[in-house]
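# A structural walkthrough
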Amino acid sequence: AEHGVIRNLSKSPAVMQREAEWSPDGRWIAYLSEESGEYEIWIRPQDGEGEPRQVTKGTDSWINGLVWSPDGKMIAYGDKRNRLWYVDVESGEKRQADVSAYAGIRDYTFSPDSRWIGYTKTGDNLMTSLWIYSLDSGRAARLTGDFTNDRDIVFSKDGKYVYFVSSRDFIYPAKRWDDRIYIATLKAGTPNPVAPLSDEEQPREEASAPKDDKKAGKGEEKKEVKVAVDVDADGFDGRALAIPEAAGNYFALTAVEGGIVFMTTDEAGKRVLKKFDLEKRETKEIMTGLNGYQVAAGGGKFIFSLPGDNYGIADLAPGQKTSDGRLDFSKMEMRIDPAAEWSQIYHDAWRIMRDWFYDPNMHGVDWKKMHDRYAELVPHVAHRVDLDYVIGELIGELNAGHCYVNSGDMPRVRRVPVGLLGCRFEADGDYYRISKIYRGANWN
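Since the model is a prediction, treat every value here as computed from it, not as a measurement. (Residues numbered from 1 in each chain as written. Predicted model: local features only at pLDDT ≥ 70, side-chain atom pairs only at ≥ 80, totals over all residues. Heavy atoms only, no water.)

## A look at the overall build of the protein chain
When its secondary structure is counted, the protein chain shows four helices and 25 strands. Here the protein chain has a C-alpha radius of gyration of 28 Å; the compact-globule value for 444 residues is 22 Å, and the former is much larger. Projected onto its principal axes, the C-alpha coordinates of the protein chain cover approximately 115 × 55 × 50 Å. Counting across all 444 residues of the protein chain, residues that qualify as buried make up 36%. When the accessible surface of the protein chain is split by element, carbon and sulfur atoms take 49% of a total near 28,200 Å². Charged side chains of the protein chain number 60 positive and 72 negative; the gap between the two group centres comes to 2 Å. (Helix = DSSP H or I, 4+ residues; strand = E, 2+ residues; numbered from the N terminus. Rg over C-alpha atoms; globule rule 2.2 N^0.38 Å. Buried < 20%, exposed > 50% of the residue type's maximum accessible area, 1.4 Å probe, protein only. Areas by Shrake-Rupley, 256 points an atom, 1.4 Å probe, with all protein chains shown as cover. Lys, Arg positive; Asp, Glu negative; His and termini not counted. Charge placed at Lys NZ, Arg CZ, Asp CG, Glu CD.)

Put into structure tokens, the structure is as follows:
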């Protein structure tokens, strides 16, 4: 944020890395790398010292979204075959938590004690519900029902509640479903912290005995309370109450001490970051005009993104500006090897079609054979246009529409846009004559 040099941890133009995520203790960076031939989860020390280590092996589908457990022992992730996995970072042992028949599971999070995974899953009616998976028992339970779209589940820091977004308000006359942020207790006997307030007369309590400073351990450090999460899935939906915010567009929830941080959009369409204080039951604006954010593990700072690949770090407090804490990337340098990149891009294009094409049988085409056939041309590519042509020919073997090649970085001729000419031709003996020229509009 302030001092130090920018470190290039991988220095590998021939290999793609993506989905970088810090471990909660700040020691490791988890990421996806194709170094082994397929995208797998790897970890490496954040200080640039030591060797990277491959965590997963034998992955057979495109991986999405790495999420560390709070204790740093597990990583949860989804894949293109609609499965939800978690892997032991030390041993590499992975287990499948769930699978969806209709859509990918891409919204998941760990409980603060690392013993549960909360996630969103699409049901038979194509509406999304909240689910919870126990790492102890290996069983999953559904939390919400068929009649609402629920998503973005996050656990409170004390493990007593979960926050989530749900579409339960029908706004008339706009005739659309709008979201609210809800909070629900995980245990049936826990009072909901946003239940209606009441100034009931309370019975007078007996005076307590004076505390003995010696017995109380005066001056001792406060002991950290260990969080243990327990869940009563039955009746969960009936324990959910909306926080006091108007219905609207809510997303990107993050639990923090004493409440929750979330994003919404204002009347001008700008994204706004806000924080809801659970004790005070009030919401304050933190920043307006950002694209996205992520709260630091300590909870005191957040990193935010802006248009044009700009980033900044600011305090997680009201009144922050997008001009605050801008990160300086002027010293960021990379060594580019176009030929090495072109080979990687070719293989990635082939792999993306393999994992994302709607027909698992690839229209009956031997897709591995096609990879090897056109790969013989890649060493002879001398320009990005050549590579695009080879990829286009490869994808054309599938005989499928709406399959395109988007070109990458390359020099382009500056073009000046001109208006369109129109005319009328008429036969004139052995020739044609322009009989009328149509004038364009002055704005075109």
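## Quick word on the packing of helix α2 (residues 338-356) against helix α3 (residues 367-375)
The N-to-C vectors of α2 and α3 enclose an angle of 165°; their axes lie 11 Å apart at closest approach. One element, α2, and the other, α3, form an angle in the roughly antiparallel class. The interaxial crossing formed by α2 with α3 has right-handed handedness. Only Trp 367, Lys 368, Met 370, His 371, Tyr 374 and Ala 375 of α3 make contact with α2, whose side of the interface consists of Tyr 346, His 347, Trp 350, Met 353 and Arg 354. (Axes fitted to C-alpha atoms, helices over the stretch in contact; angles between N-to-C directions. Parallel < 35°, antiparallel > 145°, perpendicular 65-115°, else oblique. Left-handed = near helix turned anticlockwise from the far one by under 90°. Contact = heavy atoms within 4.5 Å.)

## Here's the deal with the packing of aromatic side chains
Tallied over the full model, the rule gives 10 aromatic pairs. Judged by centre distance (5.7 Å) and plane angle (20°), the rings of Phe 164 and Tyr 182 are stacked. On the criterion of sequence distance, the pair formed by Phe 164 in strand β14 (residues 161-171) and Tyr 182 in strand β15 (residues 176-185) is long-range, its members being 18 residues apart. No difference in accessibility class separates Phe 164 from Tyr 182, as the two residues are buried. Ring centres 5.8 Å apart and planes at 45° place the aromatic pair Phe 302 and Phe 304 in the tilted group. Across the pair, Phe 304 and Phe 302 agree in class, each one buried. Taken together, the ring pairs connect Tyr 39, Trp 62 and Trp 356 into an aromatic cluster. The lysine or arginine in question, Lys 121, covers the ring of Trp 131, its NZ or CZ lying 4.5 Å from the ring centre. (Phe/Tyr/Trp six-rings, centres within 6.5 Å; stacked < 30°, edge-to-face > 60°. Lys NZ or Arg CZ within 6 Å of the ring centre and 35° of its normal.)

## Quick word on the sheet that holds strand β20 (residues 282-288)
Pairing is antiparallel in the open sheet, where four strands are placed in the order β17-β18-β19-β20. Two strands close off the open sheet at either side, each with one partner strand: β17 (250-256) and β20. Here the strands of the sheet are splayed against their neighbours by 25° on average, with no regard to which way each runs. Here strand β19 (residues 271-277) pairs with β20 via six bridges, running antiparallel. Across the sheet, the residue bridging to Val 272 is Thr 288, located in β20. (Pairing = 2+ DSSP bridges.)

## Re the packing of α2 against helix α4 (residues 384-396)
Packing of α2 against α4 brings their axes to within 11 Å, and their N-to-C directions diverge by 25°. The orientation of α2 relative to α4 falls into the category roughly parallel. Considering only the axes of α2 and α4, their crossing is right-handed. Each of Trp 342, Ile 345, Tyr 346, Ala 349, Trp 350 and Met 353 in α2 lies in contact with α4, whose residues at this interface are Arg 384, Leu 387, Val 390, Ile 391, Leu 394 and Ile 395. Residues that form the contact of α2 with α4 fall into these classes: 11 nonpolar, no polar and one charged. (Nonpolar A, V, L, I, M, F, W, Y, C, P; charged D, E, K, R; others polar.)

## A word on the pattern of salt bridges
Here the structure, examined in full by the defined rule, presents 25 salt bridges. Across the pair Asp 79 and Arg 83 runs a salt bridge whose closest N-O atoms are separated by 2.8 Å. For the residue pair Asp 79 and Arg 83, the accessibility class agrees, reading buried in each case. With a shortest N-O distance of 3.1 Å, Glu 426 and Arg 433 are connected by a salt bridge. (Salt bridge = Lys/Arg side-chain N within 4 Å of Asp/Glu carboxyl O.)

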